[in-house]
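# Descriptive structure summary
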Amino acid sequence: MSTRKHTALPKARTLIEALPWLTRHNGKTVVIKFGGNAMVDEDLKAAFAQDVVFLHHAGLKPVVVHGGGPQISAQLDKHGLDSEFKAGLRVTSPEAMDVVRMVLAGQVQRELVGLLNEHGPLAVGITGEDGHTITATKHLPTIDGELVDIGRVGEITAIDTGVVEALLENGRIPVVSSIARAEDDGHVYNVNADTAAAALAAALGAETLMVLTDVEGLYVDWPHSDEVISRLSATELEKLLPDLSSGMVPKMEGCLYAVRNGVQTARVIDGRVPHSILLEIFTDEGIGTMVLPDGVTRPGHTTHDEGTDDKGEDGE
C-alpha cells in the first residue's frame, strides 16, 4: 500500500497543478500552428496529437493550422522542380502550386487528421479554400527596393470563420491547411502558415495562439546568448523584429498581429520537446516565449489591475 501511495502521489500533484489552468482555459479557443521538427519526427507527431486531444477533452477548443515545408521540398524534388526562396518565402510557380496543394491537403493534413482520430472521431481536415475560410491576393514582396513576383504566394485579405466555428460547435478539431482562395483571379495561393494561424486566431477571438518552432523561444541576444525571453509586450517585440532571423520573422509578426487584434496571449514554443503544448498551458513553469498585449502584465490582468502575483492563483 505504501508503495502505491508513493508512486501515485506525484501523478496526483501534477494533475492538481493543472487545475487553475483547466479552470481558466475551459471553453476557450486555442489556435496551434503545427510545424518544424514536430512535423517530421514520428514520436513528436504522436505526442502532438495526444496533446491536442488532451486539450479537447480538457474543455478547450483547439484549432490546428499547418504548413509543410520539408514535405513540399521533397515532393518538388521528386517532380524535378526547384525549391527557391526569396524574402524568406517559397517561390511558387503554377506547377509548384499543384504540388503544394497536393502535399498540404493530401499528405500532411491527412496524416495529422489520422493521428488525431486514433483517439476518437474528432479531427476534420479543411483547407483555406473551403467555405472561403482564407482569402488572399497575390503577394509581391519588396527586395532591394523593388516589388518581386514570386508566383502563387498569397497575402491574406479576409478570414471567414464559419466552417471552423461550425466544426468546433460540433465537438470536432479543425485541421486547416494554409492554402487560400483567390479574391480576384480564380487561382489558389500558398500562404505562410504562421501568418494564416495568426489571422485565424484573431478572427476567432482565440484566447491563445501557439506557434511550434525548432528553437527554445525568442533569444535575448542570439547568437551571443542562449537566454530565452520568457515574456514581452507587443511594443517590445515590435522593436526587436528588424534584428530577428528571417525564419523567426513571420512567427513573431504573427504573434504581434494576434495580440494586437484581440488574442490574449501568443506563444512561441519548442516543438522539439515532447508534450510542449501541455507544458506551456498547464504547468507553473511554462516554456518558450509569451507575447502579451501592451498594458497587460500577465494574461487577464492589465497594468491597472490589482491582485496577487501568485502565478498559481492567476492561472499564468
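Before reading further, recall that the structure is shown in the block above.
Structure report, in brief. Since this is a predicted model, take the numbers as computed values, not measurements.

Across all of its chains, the model carries two cavities of 30 Å³ or more by this definition. Of the pockets and cavities examined, the largest cavity occupies roughly 60 Å³. Surrounding the largest cavity, Ala38, Leu44, Ala47, Phe48, Asp51, Leu212, Gly271, Val273, Pro274, His275, Ser276 and Ile277 form its lining. Contributions of two or more residues to the lining of the largest cavity are made by helix H3 (42-57) and helix H10 (276-282). If one sorts the elements of the lining of the largest cavity by residue count, H3 sits on top with four residues. Residue composition of the lining of the largest cavity, by class: eight nonpolar, three polar and one charged.

Right, let's get into the nonpolar core. In this structure, Ile32, Phe48, Leu55, Leu116, Ile277 and Phe282 are the most contacted members of the largest nonpolar core, which totals 42 residues. Sorting the residues of this core by element identifies strand E1 (29-34), H3, helix H4 (69-78), helix H5 (94-116), strand E10 (173-177), strand E13 (208-213) and H10 as the ones contributing at least two each. Of the residues forming this core, the biggest block, eleven residues, is contributed by H5. Leu116 has contacts with Ala49, Val52, Val53, Leu122, Ala123, Ile173 and Val175, leaving out every residue within four places of it along the chain. One finds Ile126, Ile134, Val191 and Ala197 within the second-largest nonpolar core, a separate group that totals 41 residues.

Bringing the layout of surface pockets into the picture now. In this structure, the largest pocket occupies an estimated 1100 Å³ of space. If you go around the largest pocket, you meet 41 residues; those closest to its centre are Asp194, Gly247, Met248, Pro250 and Lys251. Elements represented by at least two residues in the lining of the largest pocket include exactly E1, H4, strand E4 (89-90), helix H7 (193-204), E13 and helix H9 (249-259). Here the residues of the lining of the largest pocket sort into 20 nonpolar, 14 polar and seven charged. Considered as a void within the structure, the second largest pocket measures approximately 550 Å³ in volume.

Here the structure, examined in full by the defined rule, presents two aromatic pairs. Arranged with centres 5.8 Å apart and planes meeting at 65 degrees, the rings of Phe54 and Phe282 form a pair that is edge-to-face. Here Phe54 is found in helix H3, whereas its partner Phe282 is found in helix H10, with 228 residues between them in sequence. Overall, Phe54 belongs to the partly exposed group, its relative accessible area being 40%.

Definitions and cut-offs
Residues numbered from 1 in each chain as written. Predicted model: local features only at pLDDT ≥ 70, side-chain atom pairs only at ≥ 80, totals over all residues. Heavy atoms only, no water. 1 Å grid on protein atoms, 1.4 Å probe; cavity = no way out; pocket = protein on both sides within 12 Å on 5 of 7 lines; lining within 4 Å. Points joined across faces, edges and corners; volume = space filled by probe spheres on them. Helix = DSSP H or I, 4+ residues; strand = E, 2+ residues; numbered from the N terminus. Nonpolar A, V, L, I, M, F, W, Y, C, P; charged D, E, K, R; others polar. Core = buried A, V, L, I, M, F, W, Y, C linked by side-chain atoms within 4.5 Å. Buried < 20%, exposed > 50% of the residue type's maximum accessible area, 1.4 Å probe, protein only. Contact = heavy atoms within 4.5 Å. Phe/Tyr/Trp six-rings, centres within 6.5 Å; stacked < 30°, edge-to-face > 60°.

On their own, these measurements won't tell you what the molecule is for.
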